[in-house]
Amino acid sequence: MATRLVQINMKAHDDAALGRFWAEALGWGIDSEGPGVTNLEPVGFTYPDPAAVCIDLIARPEPKTVKNRVHLDLATTSTAHQEELVARLKSLGATPVDVGQGDVPWTVMADPEGNEFCVLEPRPVYRDTGPIAAVVVDCTDPREMARFWGEAMDWTLHEVTDDSATMRSAKGVGPYLEFLRTPDTKSGWNRVHLDVRPYPGDDPAAEAARLRSLGATDPGIDQSTIHWTILADPEGNEFCLLTPA
């Protein structure tokens, strides 16, 4: 058994408005499961497919109070493209932000609700990822995170050091999943988290048990009214184990 990363879940005060921003930013299409839920995926995409990690925006009233521990890195193909993308994102409502990055070649921005993301300088490794170069998770121990997620999913571990770890779908398509060592620690629940999904025919309860045996824990959230399972990785980051598909 194994799972695979299929989407990120992002909480929003106004899921429809934030969905429009990200759809314009990525050139993706918009769908909705109903009030308070906005889904984003590439136009013509057949879900789930490792060629893209989709975005679900869920309406929640709680304010954002700390830097997100999960963010997106956007890919560019040239310095001119990076400049053009930053300008276009500003016109859509994004703003440059300082998270202590110092003098770096990428641009750190925040979407209209304050969610941080990066517009990267052109890097050959991301030339075929699509608009999202990587989903980045802050952590204190990249090696342990790579161990857990490498065993949890059927993605391929490309590199691991004391400071970072990088994974990608075994099919060699779509964005990377990266774990970046940071000095700050998790506080409160994450407004942005990973959603993983088993393969058709897998037993969700057995997969949840397997993930717990690898180091996942139960975050103490009432799950009596939902049909998926909420777990937390070894550093306490919540993630959802969706039903097989």
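For the structure, see preceding data.
Residues numbered from 1 in each chain as written. Predicted model: local features only at pLDDT ≥ 70, side-chain atom pairs only at ≥ 80, totals over all residues. Heavy atoms only, no water.

Trainee: Describe in detail the sheet that holds strand 1 (residues 3–12), supporting the description with residues and values.
Mentor: Spatially, the 7 strands line up as an open sheet ordered 2-3-4-1-13-15-14, and their pairing is mixed. Of all strands in the sheet, those with a lone pairing partner are strand 2 (29–34) and strand 14 (229–232), marking the two edges. The average angle at which neighbouring strand axes cross in this sheet is 30°, direction not considered. As paired elements, strand 2 and strand 3 (residues 37–41) share 5 bridges and run antiparallel to each other. When the bridges of strand 3 are listed, S32 appears paired with T38. Together, strand 1, strand 2, strand 3 and strand 4 (54–59) form the strand contacts of helix 1 (residues 15–26), whose direction differs from that of strand 3 by roughly 5°. (Pairing = 2+ DSSP bridges. Helix = DSSP H or I, 4+ residues; strand = E, 2+ residues; numbered from the N terminus. Axes fitted to C-alpha atoms, helices over the stretch in contact; angles between N-to-C directions. Contact = heavy atoms within 4.5 Å.)

Trainee: Break down the sheet that holds strand 5 (residues 70–74) for me, with residues and values.
Mentor: Ordered by their spatial adjacency, 8 strands build an open sheet running 6-7-8-5-9-12-11-10, and the pairing between neighbours is mixed. In this open sheet, the two edge strands, each paired with only one partner strand, are strand 6 (95–96) and strand 10 (156–160). Of the strand pairs in this sheet, strand 5 and strand 9 (residues 132–139) are connected by 5 bridges, and their pairing is antiparallel. Its bridge partner being in strand 9, H71 is matched across the sheet by V136. Its contacts with the sheet put helix 3 (residues 142–152) on strand 9, strand 10, strand 11 (164–168) and strand 12 (176–181), and the angle it makes with strand 11 is roughly 20°.

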